[in-house]
Amino acid sequence: MTKRIIFSLLLVFIIFSCKGHKGDNNENPPEKDYKALGDATIDVFKNAPIVFNSLTVPNGYNEPDKNGVIRLVNGRLILKKLEIPKYERNVNVKLKVRLVSNGDPYDRSGSIFILHDSKDGVTPIQIAKNAKYPKMEGELEKYPGIIKLEDYEPCVEAMRFMTPFGVGCFSNQPTPAGIDKWEKDVKWECDITHLYSLLEDDAYLGCWIDTWVKGGFLIDVKLEITESKENKPIEKYKVLPLINTIPYIGQNYPDVFAYYNEGIKVKAGIKAKEAKLYYTTTGHGGYHGGDEFTKRENIISLNNKEIHKFTPWIDSCKEYRKWNPTSGDVGGGLSSSDLNRSNWCPGSIVSPIVIPLEETNIEDGTFSFAIPEAQKAMENMLNFWLVSSYVVYK
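The structure presented is a predicted model; accordingly, all values stated were derived computationally and were not measured.

J.: Looking at this model, I keep getting lost on empty space enclosed by the protein. Mind explaining?
T.: Empty space among the atoms becomes visible once a probe the size of a water molecule is rolled across them. One pass over the structure, following the stated rule, counts 2 cavities of 30 Å³ or more. Approximately 90 Å³ is the volume attributed to the largest cavity. Taken together, the residues that form the lining of the largest cavity break down as 8 nonpolar, 4 polar and 1 charged. Lining the second largest cavity, in full, are Y143, P144, I146, T245, I246, P247, Q251, N252 and P254. Of the residues that constitute the lining of the second largest cavity, the class distribution is 6 nonpolar, 3 polar and no charged.

J.: I would appreciate a short explanation of the pairing of strand β13 (residues 298-302) in the present structure.
T.: Each regular strand carries side chains that alternate between the two faces of the sheet. Counting buried positions along β13 gives 5 out of 5 residues, so the element sits mostly inside the fold. On β13, burial covers both faces: N298, I300 and L302 on one face and I299 and S301 on the other are all buried. Here β13 runs beside strand β14 (residues 305-310); their pairing, made up of 5 bridges, is antiparallel. Across the sheet, residue I300 finds its bridge partner in β14, namely H308. Taking the residues between adjacent antiparallel strands as the criterion, β13 and β14 are bridged by 2 residues, where N303 takes a positive phi near 55 degrees. Bridging between β13 and strand β19 (residues 366-370) involves 4 bridges; their strand directions are antiparallel. By the bridge assignment for β19, S301 is matched with S368.

J.: What should I look at first to understand the layout of surface pockets in this one?
T.: Computed from the structure, the largest pocket encloses a volume of approximately 630 Å³. Along the wall of the largest pocket there are 24 residues; nearest its centre are D107, R108, G285, Y287 and E292.

J.: Explanation requested: the environment of I225 in the structure shown.
T.: Structurally, I225 is set in strand β9 (residues 217-227). Taking the relative accessible area as the measure of exposure, I225 reaches 1% and is therefore buried. Sequence separation between I225 and K271 is 46 residues, and the spatial gap between their C-alpha atoms is 29 Å. If sequence neighbours within four positions are ignored, I225 has contacts with D39, A40, I42, I84, Y87, V91, N92 and V93.

J.: Would you take a moment to explain unusual backbone geometry for this structure?
T.: With the exception of glycine, most residues fall at negative phi, and the peptide bonds are largely trans. Positive phi is not limited to glycine here, since N74 has a value of about 55 degrees. Within the chain, N343 stands out as a residue other than glycine whose phi angle is a positive 80 degrees. Within the fold, N343 resides in the loop between β16 (334-335) and β17 (349-350). On the basis of relative accessible area, N343 is assigned to the buried category, the value being 16%.

Basis of the calculations
- Within each chain, residues carry numbers counting from 1 in the order of the written sequence.
- Under the rules for a predicted model, residues below a pLDDT of 70 receive no local features and side-chain atom pairs below 80 are neither given nor counted, while totals for whole chains, interfaces and linings still include all residues.
- Where side-chain values are given, they derive from all heavy atoms of the structure, hydrogens and water being excluded.
- Cavities and pockets are found on a 1 Å grid laid over the protein atoms alone: a cavity is a set of points where a 1.4 Å probe fits but cannot escape, a pocket is an open set with protein on both sides within 12 Å along at least five of seven lines, and a lining residue has an atom within 4 Å of such a point.
- Grid points are joined across faces, edges and corners, and a volume is the space filled by probe spheres set on the points.
- In the scheme used here, Gly and all other residues not listed as nonpolar or charged are polar, with Ala, Val, Leu, Ile, Met, Phe, Trp, Tyr, Cys and Pro taken as nonpolar and Asp, Glu, Lys and Arg as charged.
- When a residue's accessible area, from a 1.4 Å probe over protein chains only, is under 20% of the maximum for its type it is buried; when over 50% it is exposed; and in between it is partly exposed.
- Only DSSP runs of H or I reaching four residues or more are called helices, and only runs of E reaching two or more are called strands; each is numbered from the N terminus.
- Should DSSP find at least two bridges between two strands, the strands are taken to pair.
- Whether two residues are in contact is decided by their heavy atoms: any pair within 4.5 Å suffices.

Structural measurements only, silent on function.
This is how it looks when you write it as C-alpha coordinates:
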(Lines give C-alpha, C1' and ligand atoms only; values in the text may rest on other atoms or scores of the structure.)
Protein backbone atom coordinates (compact mmCIF):
# COMPACT_ATOMS: atom_id res chain seq x y z
CA MET A 1 0.00 0.00 0.00
CA THR A 2 2.81 2.33 0.97
CA LYS A 3 4.68 1.53 -2.24
CA ARG A 4 1.57 2.28 -4.27
CA ILE A 5 1.18 5.70 -2.59
CA ILE A 6 4.85 6.53 -3.15
CA PHE A 7 4.59 5.49 -6.83
CA SER A 8 1.47 7.68 -7.30
CA LEU A 9 3.15 10.70 -5.75
CA LEU A 10 6.23 10.19 -7.92
CA LEU A 11 4.04 9.98 -11.04
CA VAL A 12 2.26 13.26 -10.15
CA PHE A 13 5.61 14.97 -9.58
CA ILE A 14 6.91 13.85 -12.99
CA ILE A 15 3.75 15.06 -14.78
CA PHE A 16 3.86 18.51 -13.18
CA SER A 17 7.60 18.81 -13.79
CA CYS A 18 7.05 18.12 -17.50
CA LYS A 19 4.27 20.70 -17.66
CA GLY A 20 6.53 23.24 -15.98
CA HIS A 21 9.29 22.69 -18.56
CA LYS A 22 6.76 22.91 -21.35
CA GLY A 23 5.58 26.28 -20.06
CA ASP A 24 9.16 27.51 -19.86
CA ASN A 25 9.67 26.59 -23.52
CA ASN A 26 6.56 28.52 -24.52
CA GLU A 27 7.89 31.60 -22.82
CA ASN A 28 11.26 31.31 -24.61
CA PRO A 29 10.64 29.71 -28.01
CA PRO A 30 13.68 28.80 -30.09
CA GLU A 31 15.04 31.62 -32.27
CA LYS A 32 13.73 31.52 -35.84
CA ASP A 33 16.36 30.71 -38.41
CA TYR A 34 16.44 33.29 -41.22
CA LYS A 35 18.02 31.65 -44.22
CA ALA A 36 21.43 32.96 -45.23
CA LEU A 37 21.87 33.33 -49.01
CA GLY A 38 25.31 34.92 -48.99
CA ASP A 39 26.67 37.98 -50.77
CA ALA A 40 25.92 38.62 -54.43
CA THR A 41 27.37 40.70 -57.27
CA ILE A 42 24.99 41.41 -60.15
CA ASP A 43 26.49 42.75 -63.38
CA VAL A 44 23.58 44.71 -64.83
CA PHE A 45 25.39 46.38 -67.75
CA LYS A 46 28.83 45.38 -69.02
CA ASN A 47 30.57 47.66 -71.52
CA ALA A 48 27.09 48.70 -72.67
CA PRO A 49 26.92 51.47 -75.30
CA ILE A 50 24.73 54.50 -74.65
CA VAL A 51 24.53 56.40 -77.94
CA PHE A 52 22.42 58.59 -80.16
CA ASN A 53 22.00 56.65 -83.40
CA SER A 54 18.64 56.42 -85.14
CA LEU A 55 20.03 53.97 -87.72
CA THR A 56 21.10 51.28 -85.25
CA VAL A 57 18.49 52.01 -82.56
CA PRO A 58 15.14 52.98 -84.13
CA ASN A 59 12.64 55.09 -82.23
CA GLY A 60 9.99 53.22 -80.29
CA TYR A 61 10.33 49.97 -78.40
CA ASN A 62 13.22 47.61 -79.19
CA GLU A 63 13.17 44.03 -77.93
CA PRO A 64 15.88 42.97 -75.43
CA ASP A 65 19.18 41.95 -77.04
CA LYS A 66 21.07 38.74 -76.23
CA ASN A 67 22.22 40.31 -72.94
CA GLY A 68 18.68 41.29 -71.96
CA VAL A 69 19.28 45.00 -72.60
CA ILE A 70 16.39 47.11 -73.93
CA ARG A 71 17.44 50.21 -75.89
CA LEU A 72 15.13 53.21 -76.21
CA VAL A 73 15.29 56.84 -77.43
CA ASN A 74 17.73 56.03 -80.27
CA GLY A 75 20.09 54.41 -77.75
CA ARG A 76 20.22 57.21 -75.15
CA LEU A 77 18.30 55.08 -72.63
CA ILE A 78 18.99 51.44 -71.72
CA LEU A 79 17.06 49.12 -69.39
CA LYS A 80 17.50 45.63 -68.01
CA LYS A 81 15.30 43.44 -65.84
CA LEU A 82 16.83 42.52 -62.50
CA GLU A 83 17.01 39.12 -60.82
CA ILE A 84 17.64 39.72 -57.12
CA PRO A 85 17.86 36.91 -54.54
CA LYS A 86 14.97 36.82 -52.05
CA TYR A 87 16.91 37.79 -48.96
CA GLU A 88 15.53 37.06 -45.49
CA ARG A 89 18.33 38.81 -43.60
CA ASN A 90 19.39 42.45 -43.73
CA VAL A 91 21.54 43.49 -46.66
CA ASN A 92 23.71 46.39 -47.76
CA VAL A 93 23.42 47.36 -51.43
CA LYS A 94 26.03 49.35 -53.35
CA LEU A 95 25.61 50.65 -56.87
CA LYS A 96 28.93 50.80 -58.75
CA VAL A 97 29.52 52.43 -62.13
CA ARG A 98 32.45 52.67 -64.55
CA LEU A 99 32.22 54.90 -67.64
CA VAL A 100 34.35 55.86 -70.66
CA SER A 101 33.68 58.05 -73.65
CA ASN A 102 33.32 56.13 -76.89
CA GLY A 103 33.41 59.25 -79.04
CA ASP A 104 31.41 61.89 -77.17
CA PRO A 105 33.86 64.64 -76.15
CA TYR A 106 31.39 66.63 -74.02
CA ASP A 107 30.15 66.65 -70.44
CA ARG A 108 26.66 65.12 -70.25
CA SER A 109 24.02 64.57 -67.58
CA GLY A 110 23.49 60.95 -66.57
CA SER A 111 20.99 59.11 -64.39
CA ILE A 112 20.49 55.56 -63.15
CA PHE A 113 16.93 54.81 -62.06
CA ILE A 114 14.55 52.05 -60.98
CA LEU A 115 11.15 51.20 -62.43
CA HIS A 116 8.51 48.48 -62.26
CA ASP A 117 6.88 47.59 -65.57
CA SER A 118 3.92 46.10 -63.69
CA LYS A 119 3.08 49.25 -61.70
CA ASP A 120 -0.08 51.20 -62.31
CA GLY A 121 0.52 54.11 -64.63
CA VAL A 122 2.87 54.41 -67.58
CA THR A 123 6.62 53.73 -67.56
CA PRO A 124 9.37 54.50 -70.11
CA ILE A 125 8.80 51.05 -71.59
CA GLN A 126 5.11 51.74 -72.14
CA ILE A 127 5.84 55.23 -73.51
CA ALA A 128 8.13 53.60 -76.07
CA LYS A 129 5.15 51.40 -77.01
CA ASN A 130 3.06 54.55 -77.75
CA ALA A 131 1.40 54.99 -74.36
CA LYS A 132 0.74 58.54 -73.16
CA TYR A 133 1.68 60.28 -69.94
CA PRO A 134 -1.25 61.33 -67.71
CA LYS A 135 -2.64 64.75 -68.47
CA MET A 136 -1.18 67.58 -66.41
CA GLU A 137 -2.64 70.98 -65.57
CA GLY A 138 -1.35 74.47 -66.33
CA GLU A 139 2.26 74.87 -67.41
CA LEU A 140 2.93 71.31 -66.23
CA GLU A 141 1.14 70.11 -69.37
CA LYS A 142 4.38 70.89 -71.26
CA TYR A 143 6.35 68.68 -68.85
CA PRO A 144 4.42 65.39 -68.67
CA GLY A 145 5.36 62.64 -66.28
CA ILE A 146 7.49 64.64 -63.85
CA ILE A 147 5.33 64.46 -60.67
CA LYS A 148 3.36 61.88 -58.72
CA LEU A 149 -0.34 61.78 -59.49
CA GLU A 150 -3.14 59.61 -58.15
CA ASP A 151 -2.57 57.03 -60.88
CA TYR A 152 1.06 57.69 -61.79
CA GLU A 153 4.52 57.65 -60.20
CA PRO A 154 7.73 58.96 -61.79
CA CYS A 155 10.86 56.81 -61.85
CA VAL A 156 13.01 56.68 -58.72
CA GLU A 157 16.54 57.93 -59.33
CA ALA A 158 19.27 55.78 -57.76
CA MET A 159 22.30 57.78 -58.95
CA ARG A 160 22.93 61.11 -60.67
CA PHE A 161 26.27 61.57 -62.41
CA MET A 162 27.94 63.92 -64.89
CA THR A 163 30.21 62.54 -67.55
CA PRO A 164 33.62 64.16 -67.92
CA PHE A 165 34.86 65.73 -71.15
CA GLY A 166 36.09 62.79 -73.22
CA VAL A 167 37.65 60.48 -70.62
CA GLY A 168 38.89 57.20 -72.15
CA CYS A 169 38.40 57.79 -75.86
CA PHE A 170 40.49 60.98 -75.79
CA SER A 171 42.85 60.17 -72.92
CA ASN A 172 45.83 59.83 -75.28
CA GLN A 173 45.96 63.58 -75.88
CA PRO A 174 48.87 65.74 -74.65
CA THR A 175 48.48 66.89 -71.05
CA PRO A 176 48.64 70.52 -69.91
CA ALA A 177 50.88 71.79 -67.13
CA GLY A 178 49.90 70.33 -63.78
CA ILE A 179 48.44 67.09 -65.19
CA ASP A 180 50.83 64.11 -65.26
CA LYS A 181 48.44 61.88 -67.22
CA TRP A 182 44.78 61.67 -68.15
CA GLU A 183 42.64 59.12 -66.36
CA LYS A 184 41.46 56.19 -68.51
CA ASP A 185 37.95 56.00 -67.05
CA VAL A 186 35.75 57.42 -64.32
CA LYS A 187 34.18 55.40 -61.49
CA TRP A 188 31.43 56.17 -59.01
CA GLU A 189 29.61 54.27 -56.28
CA CYS A 190 26.81 54.96 -53.82
CA ASP A 191 24.82 53.14 -51.14
CA ILE A 192 21.23 52.40 -52.19
CA THR A 193 20.28 50.04 -49.36
CA HIS A 194 17.26 52.21 -48.60
CA LEU A 195 15.93 51.42 -52.10
CA TYR A 196 16.26 47.64 -51.78
CA SER A 197 12.50 47.05 -51.68
CA LEU A 198 12.23 48.55 -55.19
CA LEU A 199 14.80 46.15 -56.64
CA GLU A 200 12.65 43.05 -56.11
CA ASP A 201 9.81 41.59 -58.17
CA ASP A 202 9.98 42.57 -61.84
CA ALA A 203 12.13 45.64 -61.34
CA TYR A 204 14.21 47.20 -64.11
CA LEU A 205 17.38 49.20 -63.73
CA GLY A 206 17.71 51.95 -66.32
CA CYS A 207 20.52 54.24 -67.39
CA TRP A 208 20.14 57.48 -69.37
CA ILE A 209 22.83 59.79 -70.69
CA ASP A 210 22.01 63.01 -72.51
CA THR A 211 24.35 62.26 -75.42
CA TRP A 212 23.76 63.41 -78.99
CA VAL A 213 26.78 61.60 -80.52
CA LYS A 214 26.78 58.27 -82.39
CA GLY A 215 29.76 56.93 -80.44
CA GLY A 216 28.36 58.06 -77.11
CA PHE A 217 29.65 56.27 -74.03
CA LEU A 218 30.36 52.76 -72.72
CA ILE A 219 29.17 51.94 -69.21
CA ASP A 220 29.49 49.18 -66.60
CA VAL A 221 26.85 49.05 -63.87
CA LYS A 222 26.74 46.49 -61.09
CA LEU A 223 25.03 45.89 -57.77
CA GLU A 224 27.06 44.57 -54.85
CA ILE A 225 24.87 43.03 -52.14
CA THR A 226 26.41 42.19 -48.76
CA GLU A 227 24.31 40.04 -46.43
CA SER A 228 24.31 40.51 -42.67
CA LYS A 229 25.80 37.73 -40.53
CA GLU A 230 23.18 38.37 -37.86
CA ASN A 231 20.17 36.05 -37.72
CA LYS A 232 17.62 38.88 -37.86
CA PRO A 233 14.74 39.50 -40.30
CA ILE A 234 15.34 41.91 -43.16
CA GLU A 235 14.17 45.47 -42.53
CA LYS A 236 12.59 46.95 -45.63
CA TYR A 237 11.52 50.51 -46.28
CA LYS A 238 8.80 51.74 -48.59
CA VAL A 239 9.56 54.35 -51.24
CA LEU A 240 7.23 57.05 -52.55
CA PRO A 241 8.42 58.91 -55.69
CA LEU A 242 7.37 62.57 -55.70
CA ILE A 243 9.12 64.35 -58.58
CA ASN A 244 11.66 63.56 -61.30
CA THR A 245 12.24 66.18 -64.01
CA ILE A 246 14.87 64.19 -65.95
CA PRO A 247 13.61 63.88 -69.56
CA TYR A 248 14.15 60.14 -69.96
CA ILE A 249 11.71 59.67 -72.83
CA GLY A 250 9.04 61.78 -74.57
CA GLN A 251 9.67 64.81 -72.36
CA ASN A 252 11.07 68.33 -72.72
CA TYR A 253 14.08 69.92 -71.07
CA PRO A 254 12.62 71.04 -67.72
CA ASP A 255 12.76 74.81 -67.35
CA VAL A 256 9.49 74.23 -65.48
CA PHE A 257 10.67 75.84 -62.22
CA ALA A 258 10.83 79.21 -64.00
CA TYR A 259 7.02 79.02 -64.33
CA TYR A 260 6.38 78.00 -60.70
CA ASN A 261 8.21 80.50 -58.49
CA GLU A 262 6.12 79.45 -55.50
CA GLY A 263 6.84 75.80 -56.10
CA ILE A 264 5.58 72.69 -57.86
CA LYS A 265 3.01 71.00 -55.61
CA VAL A 266 2.97 67.23 -55.08
CA LYS A 267 0.54 65.39 -52.78
CA ALA A 268 2.03 62.60 -50.66
CA GLY A 269 -1.06 60.63 -49.65
CA ILE A 270 0.68 58.11 -47.36
CA LYS A 271 0.80 57.15 -43.69
CA ALA A 272 4.48 57.15 -42.80
CA LYS A 273 6.78 56.52 -39.86
CA GLU A 274 10.49 57.30 -39.69
CA ALA A 275 10.12 59.16 -42.98
CA LYS A 276 13.03 60.83 -44.79
CA LEU A 277 12.99 62.95 -47.93
CA TYR A 278 15.75 62.42 -50.50
CA TYR A 279 16.36 65.36 -52.85
CA THR A 280 18.83 65.58 -55.75
CA THR A 281 19.25 68.76 -57.80
CA THR A 282 21.54 70.13 -60.52
CA GLY A 283 21.30 73.32 -62.61
CA HIS A 284 22.17 73.37 -66.31
CA GLY A 285 22.61 75.53 -69.39
CA GLY A 286 22.57 79.20 -70.22
CA TYR A 287 26.34 79.65 -70.50
CA HIS A 288 27.97 82.06 -68.01
CA GLY A 289 24.77 83.86 -67.07
CA GLY A 290 22.63 80.74 -66.94
CA ASP A 291 21.48 78.44 -64.19
CA GLU A 292 24.51 76.17 -64.61
CA PHE A 293 26.92 78.90 -63.57
CA THR A 294 24.71 81.02 -61.30
CA LYS A 295 23.76 80.29 -57.70
CA ARG A 296 20.04 79.60 -57.30
CA GLU A 297 18.27 78.87 -54.02
CA ASN A 298 16.23 75.65 -53.78
CA ILE A 299 13.30 75.63 -51.33
CA ILE A 300 11.42 72.54 -50.11
CA SER A 301 8.17 72.90 -48.16
CA LEU A 302 5.63 70.56 -46.62
CA ASN A 303 2.07 71.76 -45.97
CA ASN A 304 3.15 75.36 -46.70
CA LYS A 305 5.91 75.14 -44.07
CA GLU A 306 9.49 75.48 -45.25
CA ILE A 307 11.48 72.40 -44.24
CA HIS A 308 14.75 73.01 -46.08
CA LYS A 309 16.36 75.84 -48.03
CA PHE A 310 19.83 75.76 -49.59
CA THR A 311 21.88 76.91 -52.56
CA PRO A 312 23.33 73.88 -54.38
CA TRP A 313 26.84 74.76 -55.53
CA ILE A 314 30.27 73.14 -55.94
CA ASP A 315 33.39 75.27 -55.87
CA SER A 316 36.01 72.53 -56.23
CA CYS A 317 35.64 71.57 -59.90
CA LYS A 318 39.37 72.04 -60.57
CA GLU A 319 39.89 68.75 -58.70
CA TYR A 320 38.29 66.87 -61.64
CA ARG A 321 40.65 68.22 -64.31
CA LYS A 322 42.51 64.91 -64.89
CA TRP A 323 39.26 63.24 -66.02
CA ASN A 324 38.58 65.91 -68.68
CA PRO A 325 41.00 65.67 -71.64
CA THR A 326 38.72 67.49 -74.13
CA SER A 327 37.66 70.30 -71.83
CA GLY A 328 38.06 73.61 -73.70
CA ASP A 329 40.16 76.61 -72.73
CA VAL A 330 38.01 79.47 -71.38
CA GLY A 331 40.82 81.93 -70.76
CA GLY A 332 42.66 83.08 -67.70
CA GLY A 333 44.46 79.77 -67.42
CA LEU A 334 41.18 77.96 -66.83
CA SER A 335 39.55 75.05 -68.62
CA SER A 336 35.78 74.65 -68.89
CA SER A 337 35.84 71.72 -66.44
CA ASP A 338 37.47 74.01 -63.84
CA LEU A 339 34.43 76.28 -63.66
CA ASN A 340 32.26 75.90 -60.57
CA ARG A 341 28.67 74.88 -61.16
CA SER A 342 25.21 74.38 -59.68
CA ASN A 343 25.88 71.26 -57.61
CA TRP A 344 28.03 69.34 -60.11
CA CYS A 345 31.33 69.16 -61.93
CA PRO A 346 32.24 67.33 -65.16
CA GLY A 347 33.09 63.85 -63.85
CA SER A 348 31.29 64.05 -60.49
CA ILE A 349 28.58 62.04 -58.83
CA VAL A 350 25.72 64.05 -57.31
CA SER A 351 24.57 62.88 -53.89
CA PRO A 352 21.06 63.59 -52.60
CA ILE A 353 20.47 65.61 -49.47
CA VAL A 354 18.47 63.70 -46.85
CA ILE A 355 15.85 65.53 -44.76
CA PRO A 356 14.21 63.80 -41.75
CA LEU A 357 10.49 64.53 -41.68
CA GLU A 358 9.02 65.36 -38.29
CA GLU A 359 5.47 64.42 -39.26
CA THR A 360 4.80 60.75 -38.51
CA ASN A 361 1.70 60.93 -40.67
CA ILE A 362 1.90 62.80 -43.96
CA GLU A 363 -1.21 61.21 -45.41
CA ASP A 364 -2.67 64.63 -46.16
CA GLY A 365 0.72 66.22 -46.79
CA THR A 366 1.57 68.31 -49.86
CA PHE A 367 5.20 68.93 -50.78
CA SER A 368 6.37 71.98 -52.69
CA PHE A 369 9.61 72.23 -54.67
CA ALA A 370 10.69 75.72 -55.69
CA ILE A 371 13.67 77.39 -57.40
CA PRO A 372 12.36 80.97 -57.42
CA GLU A 373 15.15 82.46 -59.54
CA ALA A 374 15.24 79.69 -62.15
CA GLN A 375 15.37 81.07 -65.68
CA LYS A 376 13.34 80.14 -68.72
CA ALA A 377 14.97 78.46 -71.71
CA MET A 378 15.47 80.88 -74.60
CA GLU A 379 16.76 79.82 -78.03
CA ASN A 380 20.46 79.14 -77.39
CA MET A 381 20.10 79.74 -73.62
CA LEU A 382 18.82 76.33 -72.57
CA ASN A 383 18.32 76.79 -68.83
CA PHE A 384 16.84 73.90 -66.87
CA TRP A 385 17.00 72.06 -63.52
CA LEU A 386 17.15 68.29 -63.08
CA VAL A 387 15.41 67.57 -59.77
CA SER A 388 14.35 64.24 -58.33
CA SER A 389 12.90 63.52 -54.90
CA TYR A 390 11.25 60.66 -53.03
CA VAL A 391 10.24 59.71 -49.49
CA VAL A 392 11.60 56.62 -47.74
CA TYR A 393 9.42 55.46 -44.83
CA LYS A 394 8.00 52.59 -42.80
